[in-house]
Amino acid sequence: METFFRIAELLATAFAASWITRLLTIKARVRQENAEASKTEAGVKADQIQNIQDIVEKVYKPTIDTLEKQVKELRWEIGELRKENAKILAENEELKSENVQYRRVIRELRPELVPPEKPSRRGENGKKQPRRGNGQFKRKEEE
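Residues numbered from 1 in each chain as written. Predicted model: local features only at pLDDT ≥ 70, side-chain atom pairs only at ≥ 80, totals over all residues. Heavy atoms only, no water.

A. Seen up close, the overall build of the protein. Helix and strand content of the protein: 2 helices and 0 strands. Judged by the C-alpha coordinates and their principal axes, the protein covers about 150 × 55 × 15 Å. Residues counted as buried form 1% of the 143 residues belonging to the protein. Accessible area for the protein stands at about 14,100 Å²; split by element, carbon and sulfur atoms hold 58% of it. Of the side chains in the protein, 30 bear a positive and 25 a negative charge, and the two mean positions are spaced by 7 Å. (Helix = DSSP H or I, 4+ residues; strand = E, 2+ residues; numbered from the N terminus. Buried < 20%, exposed > 50% of the residue type's maximum accessible area, 1.4 Å probe, protein only. Areas by Shrake-Rupley, 256 points an atom, 1.4 Å probe, with all protein chains shown as cover. Lys, Arg positive; Asp, Glu negative; His and termini not counted. Charge placed at Lys NZ, Arg CZ, Asp CG, Glu CD.)

Here's what the structure looks like:
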């Protein structure tokens, strides 16, 4: 009977050892599979990033380059137009001052040729309007 217990002990030990080995193997296999899955995910993400970069290079890069070129051209054109506008404004001021001088000369020589300067009607009307104590115009209902 003693041999029977020994055999039973040996079988139980072998059975327990096989289960412990199986559990350790399963844990190791799970870790290995998780590591492989992480590597695969990283590879897939790297491929996705590469695909996005390729799309940007093929599709968006030419558009961006074209727009940058247009912006550069427009900035140059704006600069040229501003220079031209400054020249025109300076010319305009010069012509205005010349006009004033010529009118003075003509008024002195032949005043009947130059019509008298008309005062602003706004100023004339404003002089007749009733005002409040603070200088603002009164409303019609306040009069």
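That shown, we press on.
B. Layout of the environment of glutamate 36. The residue glutamate 36 is located in helix H1 (residues 2–109) in this model. Given a relative accessible area of 45%, glutamate 36 falls into the partly exposed group. Along the sequence, glutamate 36 and lysine 83 sit 47 residues apart, while their C-alpha atoms lie 66 Å from each other.

C. A look at H1. When the terminal C-alpha atoms of H1 are compared, their 152 Å separation across 108 residues agrees well with the 160 Å that a helix rising 1.5 Å per residue should span. Of all bends in H1, the biggest is about 45 degrees, found at tyrosine 60, and the proline proline 62 comes one to four residues later. (Expected span 1.5 Å × (residues − 1). Bend = angle between axes of the 7 residues up to and from the residue.)

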